[in-house]
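The primary structure of each chain is shown beneath.
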Amino acid sequence: EGKVPTGAWERPISIYRADYAVLSQCHPQGHGIVWFAPHTPHASVFAPIWTSGAAEVAKPYTINRKLAVDRSSLFWAVSAVSNWAFGSMFSKAILDV
């Protein structure tokens, strides 16, 4: 730590208890992109949402039912894949994810 300037350490974007991750990408022209990954980000997919051109967000991103499985929700689709990967040998399964 003595060699690293104050505040310049790595921080993971994904931990096992995460529900989602959001990364914002700003451009000087004003056309931003928000990258959204539901469930645990390391076993999810980051999908782009253009902030300057999106009039509405696709339905699978907006369903927020975490207490019951909803097959039309992207969260539950990613959750199923993540649980499958962790239930098998993760180092092999993540190659298919």
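Residues numbered from 1 in each chain as written. Predicted model: local features only at pLDDT ≥ 70, side-chain atom pairs only at ≥ 80, totals over all residues. Heavy atoms only, no water.

Peer 1: I'd like a rundown of the sheet that holds strand 3 (residues 47–50), residues and numbers included.
Peer 2: Pairing in this open sheet of three strands is antiparallel, and the strands run 1-2-3 from one edge to the other. A strand with exactly one partner marks an edge of an open sheet, and here the two such strands are strand 1 (20–25) and strand 3. The mean angle between the axes of side-by-side strands here comes to 25 degrees, regardless of whether they run parallel or antiparallel. Across six bridges, strand 1 lies against strand 2 (residues 33–38) in antiparallel orientation. Bridging across to strand 2, Gln25 finds its partner in Ile33. (Pairing = 2+ DSSP bridges. Helix = DSSP H or I, 4+ residues; strand = E, 2+ residues; numbered from the N terminus. Axes fitted to C-alpha atoms, helices over the stretch in contact; angles between N-to-C directions.)

Peer 1: Describe the packing of aromatic side chains, with residues and values.
Peer 2: Taken as a whole, this structure holds two aromatic pairs when the rule is applied. Considering the side-chain rings of Phe75 and Trp76, the 5.4 Å spacing of their centres and the 90 degrees angle between planes classify their relative orientation as edge-to-face. A residue is classified by how much of its surface remains accessible, and Trp76, at 19% relative accessible area, is buried. (Phe/Tyr/Trp six-rings, centres within 6.5 Å; stacked < 30°, edge-to-face > 60°. Buried < 20%, exposed > 50% of the residue type's maximum accessible area, 1.4 Å probe, protein only.)

Peer 1: Residues and numbers for the environment of His27, please.
Peer 2: Mapped onto the elements, His27 comes out in the loop between strand 1 and strand 2. Residue classification places His27 among the partly exposed residues on the basis of a relative accessible area of 31%. Leaving out residues up to four positions away in the same chain, His27 has contacts with Gly32 and Ile33. (Contact = heavy atoms within 4.5 Å.)

Peer 1: If you had to explain helix 2 (residues 74–87) to someone new, which residues and values would you point to?
Peer 2: With 14 residues, helix 2 extends 20 Å from end C-alpha to end C-alpha; this agrees with the ideal 20 Å at 1.5 Å per step. Of the positions making up helix 2, those classed as buried are Leu74, Phe75, Trp76, Val78, Ser79, Ser82 and Ala85. Buried-residue contacts for helix 2 involve strand 2, helix 1 (59–62) and helix 3 (90–93). At the N-terminal boundary of helix 2, the capping side chain belongs to Ser73, with an oxygen 3.2 Å from the backbone nitrogen of Phe75. (Expected span 1.5 Å × (residues − 1). Polar contact = N/O pair within 3.5 Å; in protein donor to acceptor, adjacent residues only side chain to side chain.)

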